[in-house]
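# Coordinates in review
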Amino acid sequence: MTQTVNELRNEIRQAVGRYERVESTAFTKEALAAICTTVNYDIDTNNLPSKPQMRAGILWKIGKLDDDNPEQTPQSFRKAELEAIVAALQDEE
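In this convention, every chain numbers its residues from 1, walking through the sequence in written order. Predicted model: local features are reported for residues with pLDDT of at least 70 only, side-chain atom pairs are reported and counted for 80 or more only, and whole-chain, interface and lining totals are derived from all residues. Water and hydrogen atoms were dropped before computing side-chain values, which therefore reflect all heavy atoms in the structure.

## Some details on the overall build of the chain
Where helices and strands are cited, they refer to DSSP runs of H or I of at least four residues and of E of at least two residues respectively, numbered from the N terminus. Across its full length, the chain holds four helices and zero strands. Reading the helices (α) and strands (β) of the chain from amino to carboxyl end gives α-α-α-α. Here the C-alpha atoms of the chain give a radius of gyration of 12 Å, agreeing with the 12 Å that 2.2 N^0.38 yields for 93 residues. The C-alpha extent of the chain, read off along each of the three principal axes, is 35 × 25 × 25 Å. Counting every position in the chain, which comprises 93 residues, the buried fraction comes to 35%. In this description the radius of gyration comes from C-alpha coordinates, and the expected globular size is given by 2.2 Å times residues to the power 0.38. Think of it in three bands: with a 1.4 Å probe and only protein chains considered, a residue is buried below 20% of the maximum accessible area for its type, exposed above 50%, and partly exposed in between.

## Considerations on the nonpolar core
With 23 residues, the main nonpolar core has I12, F27, L32, I35, I58, F77 and I85 as its most contacted residues. Put simply, the parts of the chain that give this core at least two residues each are helix 1 (5–15), helix 2 (29–38), helix 3 (51–61) and helix 4 (79–92). In terms of residue count, the dominant contributor to this core is helix 2 (six residues). Once residues lying within four places of it in the same chain are set aside, the contact partners of I35 are I12, V16, F27, I58 and I85. The nonpolar core is taken to be a set of buried Ala, Val, Leu, Ile, Met, Phe, Trp, Tyr and Cys residues, with the residues joined through side-chain atoms within 4.5 Å. In what follows, a contact means two residues having at least one pair of non-hydrogen atoms within 4.5 Å.

## Some thoughts on the pattern of salt bridges
Just to be clear on terms, a salt bridge is a Lys or Arg side-chain nitrogen sitting within 4 Å of an Asp or Glu carboxyl oxygen. Scanning all chains against the criterion turns up one salt bridge. A salt bridge links R21 to E23; its shortest N-O distance comes to 3.3 Å. Of the residues examined, R21 reaches a relative accessible area of 30% and is grouped as partly exposed.

## As for helix 1
For helix 1, the set of buried residues is N6, L8, R9, N10, I12 and R13. Taken from the residues just after helix 1, G17 is the one with a positive phi, measuring 80°.

## Regarding the packing of aromatic side chains
Note on aromatic contacts: the rings of Phe and Tyr and the six-membered ring of Trp form a pair at centre separations within 6.5 Å, being stacked when their planes are under 30 degrees apart, edge-to-face when over 60 apart, and tilted otherwise. Scanning the model with the defined rule gives two aromatic pairs in all. Ring centres 6.1 Å apart and planes at 75° place the aromatic pair F27 and F77 in the edge-to-face group. Within this pair, whereas F27 is found in the loop between helix 1 and helix 2, its partner F77 is found in the loop between helix 3 and helix 4, the two being separated by 50 residues in sequence. For F27, a relative accessible area of 4% puts it in the buried group. Exposure remark for F77: the relative accessible area of 6% places this residue in the buried category. Between Y41 and W60, the aromatic rings sit 6.1 Å apart at their centres with planes inclined by 85°, giving edge-to-face as the arrangement.

Written as structure tokens, this is what we have:
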């Protein structure tokens with residue numbers, strides 16, 4: 001049985017030490033920063049980059065994009081991207 005987008009987001013949140021959410025919501029900047037740290041995408045945690053920048057950096061670090069250009073990720077992660085992130089985080093363990 002395939003996971004829903006919300007289940008995938010919660011699995012990612014738990015893998016990076018964030019809290020599971022009951023409602024289906026996109027990642028906060030803080031959750032994206034935690035994912036960036038886990039996939040070794042270097043960011044300034046005192047002055048967080050934009051959400052598109054962090055999404056692009058995450059996808060770049062897991063091999064789904066050729067670079068970390070934020071114009072390639074203007075909106076929330078798609079289901080296939082979430083699945084790729086889950087797989088990458090499982091490989092990190």
